[in-house]
Amino acid sequence: MPTRRWIDEAKRDPYRRRAREEGYRSRAAYKLEEAQRRFGLLKRGDIVVELGAWPGGMAQAASRIVGPEGLVVAVDVREFKPFEEENIITLQLDILEDDVIGEVLRILDGRRADLLISDASPSFTGIREIDIARQYELALRSYEIARSLVRRDGSLMLKAFDSEEAIELAEKLRRDYAVVKRFVPRAKKKTSSEFYFIAMGKLR
Ligand SMILES: C[S@@+](CC[C@H](N)C(=O)[O-])C[C@H]1O[C@@H](n2cnc3c(N)ncnc32)[C@H](O)[C@@H]1O
């Protein structure tokens, strides 16, 4: 039975209710579905690496799009509940500390990803400067990991927040990818200033 609190929140947040009905672990699944409809980032058989993937809604959405011949490597510092989806592999790693590139390449047997998603975000303090700085650290590290893990001509979907730092990140991305766009998903929480860089056509 859903609790009173869950019912109140679900009324305010229809994406959350829909996620539960459709077997997704989080509403984030709809952000990837929308990005897929708009930019066609993935096809069946593709390899996806997601950083900051817990509890796993986006990884599940990716798993459905790439199908059984594809693979999703879901990375988070938190421990995942096991997935029923056979094409999702989980890694419990801190992207700021651990050798994510080495661990993922070992799992992929040296292959590279068609798409790297970073949805990593820190626990927020409510102090804007600290939150933006921590988010930027995660985004920058994700960008660096993508330089090694995304194949030539592959794509990156990278969470960022409106800030000076995001402008710097956009410049870096434009050096590495043929096309860089800004994407604000409809499933974004109204209070959040998050958006995603969608970078396509990795140059090398
Ligand atoms: C918004 S949630 C991700 C939601 C997820 N994409 C989904 O589809 O359900 C952000 C995640 O970033 C993770 N995270 C934050 N810092 C991290 C780090 N240093 N290394 C790995 N994961 C991190 C958090 O543990 C959290 O699970």
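Look a little higher up for the structure.
Rules of the game
Residues numbered from 1 in each chain as written. Predicted model: local features only at pLDDT ≥ 70, side-chain atom pairs only at ≥ 80, totals over all residues. Heavy atoms only, no water. Helix = DSSP H or I, 4+ residues; strand = E, 2+ residues; numbered from the N terminus. Rg over C-alpha atoms; globule rule 2.2 N^0.38 Å. Buried < 20%, exposed > 50% of the residue type's maximum accessible area, 1.4 Å probe, protein only. Contact = heavy atoms within 4.5 Å. Areas by Shrake-Rupley, 256 points an atom, 1.4 Å probe, with all protein chains shown as cover. Phe/Tyr/Trp six-rings, centres within 6.5 Å; stacked < 30°, edge-to-face > 60°. Near = heavy atom within 4 Å. Polar contact = N/O pair within 3.5 Å; in protein donor to acceptor, adjacent residues only side chain to side chain. Salt bridge = Lys/Arg side-chain N within 4 Å of Asp/Glu carboxyl O. Pairing = 2+ DSSP bridges. Axes fitted to C-alpha atoms, helices over the stretch in contact; angles between N-to-C directions.

Participant: Tell me about the overall build of the chain, residues and numbers included.
Facilitator: For the chain, the helix and strand inventory stands at 7 helices and 7 strands. Seen in sequence order, the chain has helices and strands lined up from the N terminus as α-α-α-β-α-β-β-α-β-α-β-α-β-β. Against the compact-globule benchmark of 17 Å for 204 residues, the chain has a radius of gyration of 16 Å, which places it among compact chains. In terms of overall dimensions, the chain has C-alpha extents of about 50 × 40 × 35 Å along its principal axes. Counting the 204 residues in the chain, one finds 53% classified as buried. Relative to all contacts within the chain whose residues are 6 or more apart in sequence, the contacts with residues 24 or more apart total 64%. Total accessible area on the chain stands at roughly 10,800 Å², and carbon and sulfur atoms take up 47% of it.

Participant: Go over the environment of threonine 90 with me, naming the residues and quoting the values.
Facilitator: Note on placement: threonine 90 falls in strand S3 (residues 88-92). Each C-alpha atom of the pair threonine 90 and serine 142 lies 17 Å from the other, and the pair is 52 residues apart in sequence. Look past the residues within four positions of threonine 90 in its chain and what remains in contact with it is Ala74, Phe80 and Phe83.

Participant: Tell me what's going on with the packing of aromatic side chains, and back it up with residues and numbers.
Facilitator: A full pass over the atoms with the stated rule returns 7 aromatic pairs. Ring centres of phenylalanine 183 and tyrosine 196 lie 6.4 Å apart, and the angle between their planes is 45°; on these two criteria the pair is classed as tilted. Of this pair, phenylalanine 183 sits in strand S6 (residues 177-183) while tyrosine 196 is found in strand S7 (residues 194-202), placing the two residues 13 residues apart along the sequence. The burial state of phenylalanine 183 is the same as that of tyrosine 196; both residues are buried.

Participant: Give me the lowdown on the site of the ligand, citing residues and values where you can.
Facilitator: What surrounds the ligand is a group of 22 residues, the closest being Ser26, Glu50, Asp76, Asp94 and Asp119. In this structure, aspartate 76 approaches the ligand through a side-chain N or O atom, which is 2.7 Å from an oxygen atom. A distance of 3.3 Å separates a nitrogen atom of the ligand from a polar backbone atom of valine 77. Protein chains bury 85% of the 600 Å² of accessible surface belonging to the ligand in isolation.

Participant: Run through helix H4 (residues 57-66), naming residues and quoting values.
Facilitator: Burial of H4 is extensive: 9 of the 10 residues sit out of reach of the surface. For H4, the complete set of buried residues consists of Gly57, Met58, Ala59, Gln60, Ala61, Ala62, Ser63, Ile65 and Val66. Positive backbone phi, at 70°, marks glycine 67, one or two positions downstream of H4.

Participant: Before we move on, could you go through the pattern of salt bridges and cite the residues and values that matter?
Facilitator: The tally for this structure, following the rule as stated, stands at 15 salt bridges. Residue aspartate 176 pairs with arginine 147 through a salt bridge whose shortest N-O separation is 3.0 Å. Of the two residues, aspartate 176 sits in helix H7 (residues 164-176) while arginine 147 sits in helix H6 (residues 128-149), which places them 29 residues apart along the sequence. For arginine 147, a relative accessible area of 44% gives the class partly exposed. Three or more residues joined by partner-sharing salt bridges are found here, namely Lys31, Asp119, Lys159 and Glu194.

Participant: Give me the lowdown on the side chain of serine 26, citing residues and values where you can.
Facilitator: Mapped onto the secondary structure, serine 26 falls in the loop between helix H2 (14-21) and helix H3 (29-39). Aside from chain neighbours lying at most four places away, what touches serine 26 is Ala19, Pro55, Gly56, Gly57 and Met58.

Participant: Break down the sheet that holds S6 for me, citing the residues and quoting the values.
Facilitator: Reading across the sheet, the 7 strands line up as S3-S2-S1-S4-S5-S7-S6 and stay open at both edges, with mixed pairing between neighbours. Looking at the sheet topology across the chains shown, the edges are occupied by S3 and S6. Going across the sheet, the axis of each strand differs from the next one's by a mean of 15°, ignoring polarity. Sheet topology places strand S2 (residues 71-76) next to S3; 5 bridges connect them, and they run parallel. What sits directly across from valine 75, in S3, is leucine 91. Taken strand by strand, helix H5 (residues 100-107) contacts strand S1 (47-51), S2 and S3, and its axis lies near 150° from that of S3. Each of strand S5 (150-161), S6 and S7 touches H7; the most contacted strand, S7, lies at about 15° to it.

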